[in-house]
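Listed here are the chains, written in short residue letters.
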Amino acid sequence: MAPGAGSIVVERVAAASTVVSARASAPLKVLVPRPRGPSVWAYASTFGGGLLEDDAITLDVRVGPGAAALCATQASTKVYKSEHGGCSRQTLSASVGEDALFAVLPDPVCPFAGAVYQQRQRIELAPGASLVLVDGLVSGRAARGERYRFASYRTLTEVVRENQLLMLDALTLEDLPESSIADRMGRFDVYTTAILLGPRVEAAAAVLVESIGRMPLRPPDQVRSRLLATASPRPGGAVLRVAGEEPEDVAAFLRASLAFLVPLLGDDPWARKW
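Residues numbered from 1 in each chain as written. Predicted model: local features only at pLDDT ≥ 70, side-chain atom pairs only at ≥ 80, totals over all residues. Heavy atoms only, no water.

A. Here's a closer look at the layout of surface pockets. Considering only enclosed or pocket space, the largest pocket measures out at about 530 Å³ in volume. Surrounding the largest pocket, 34 residues form its lining, Ala44, Thr73, Thr77, Gln90 and Pro106 being those nearest its centre. For the lining of the largest pocket, the secondary-structure elements that each account for two or more residues are β3 (28-34), β5 (40-46), β7 (56-63), β8 (68-73), β9 (77-79), β10 (88-96), β13 (116-125) and β14 (130-138). Sort the elements by how many residues they give to the lining of the largest pocket and β5 lands first, with 5 residues. Residue composition of the lining of the largest pocket, grouped by class: 17 nonpolar, 13 polar and 4 charged. (1 Å grid on protein atoms, 1.4 Å probe; cavity = no way out; pocket = protein on both sides within 12 Å on 5 of 7 lines; lining within 4 Å. Points joined across faces, edges and corners; volume = space filled by probe spheres on them. Helix = DSSP H or I, 4+ residues; strand = E, 2+ residues; numbered from the N terminus. Nonpolar A, V, L, I, M, F, W, Y, C, P; charged D, E, K, R; others polar.)

Below is the structure:
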């Protein structure tokens, strides 16, 4: 395998989701603490605790028909400073079979000052497949004066079914002559998008859209909210976007909003984190 490449294959075997293959090449590590059960749990990490300049991490995941899998991280993905303008890259390619569930719940990306980061995710859903994908960013090491001091952050997520594009979401953050990243992000240090699609999450997505739609734009006491959230309906699901001043606030909001995943995965993926 090429450096930084990994793959995970999950199938439904004897009425349980089962890892039949998991491989990785340094600097990527793939940990599988739950290789069999109602769902498979796999965690991606890197040697050194972050991405160096010119690191290229690629992960291919296959979730077979009727299986369920969770892919997450042990902690936030640190992206170190680019000394010579080189880019740190992460790529996720996944195929999700009929009636399968794929949950992608990483901690947010944390680019340090001077970091150059690019991420691409492509998820192919079979008919009846379901997806919950979270993609988050924190402003950097704000306590060290590195709030939005990274050079470039680019992410692109594609979700397709039978060669039909269901979702295309992209974000680029770079300083411009007329404004800095910090100027445009305002008081918010955390930004997260969650995509929910498919029959196993459609009802929960509709409830989420309705409940967030009832939230007041400003709390009754007129105190400025530390968190803003919107939920937009999509055919067969929804897109949730959350901006917050503190990572803990956004994490708690996501945990509550995605609590419907706990019975689908067989346990709470956030229980030992927050």
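B. Highlighting the packing of aromatic side chains. Counted under the stated rule, the structure contains 4 aromatic pairs. Each ring, one from tyrosine 80 and one from phenylalanine 112, has its centre 5.2 Å from the other, and the planes form 80°; the classification is edge-to-face. Of the two residues, tyrosine 80 sits in the loop between β9 and β10 while phenylalanine 112 sits in the loop between β12 (109-111) and β13, which places them 32 residues apart along the sequence. When the ring of tyrosine 148 is compared with that of phenylalanine 150, the centres are 6.1 Å apart and the planes differ by 70°; the resulting orientation is edge-to-face. When sorted by exposure, tyrosine 148 lands in the same class as phenylalanine 150, which is buried. Through pairs of rings, three or more aromatic residues link up here, namely Tyr117, Tyr148, Phe150 and Tyr153. Note that lysine 29 overlies the ring of phenylalanine 47, its terminal NZ or CZ placed 5.0 Å from the centroid. Above the face of the tryptophan 41 ring, arginine 34 is positioned so that its terminal group lies 4.3 Å from the ring centre. (Phe/Tyr/Trp six-rings, centres within 6.5 Å; stacked < 30°, edge-to-face > 60°. Buried < 20%, exposed > 50% of the residue type's maximum accessible area, 1.4 Å probe, protein only. Lys NZ or Arg CZ within 6 Å of the ring centre and 35° of its normal.)

C. How the structure looks around helix α2 (residues 202-213). In this model α2 runs 17 Å from its N-terminal to its C-terminal C-alpha over 12 residues, within 8% of the 16 Å that 1.5 Å per residue would give. Taken together, the buried positions of α2 are occupied by Ala205, Leu208, Val209 and Ile212. One side of α2 holds all its buried residues, which, seen down the axis, span an arc of 100°. Those residues of α2 that are exposed and angled more than 90 degrees off the buried face are Ala203, Val207 and Glu210. (Expected span 1.5 Å × (residues − 1). Arc of directions from axis to C-beta.)

D. Quick look at the sheet that holds β7. Strand order in the open sheet formed by 8 strands is β4-β2-β1-β7-β10-β13-β15-β16, and the pairing between neighbours is mixed. The strands lining the two open edges of the sheet, one partner per strand, are β4 (36-37) and β16 (164-173). (Pairing = 2+ DSSP bridges.)

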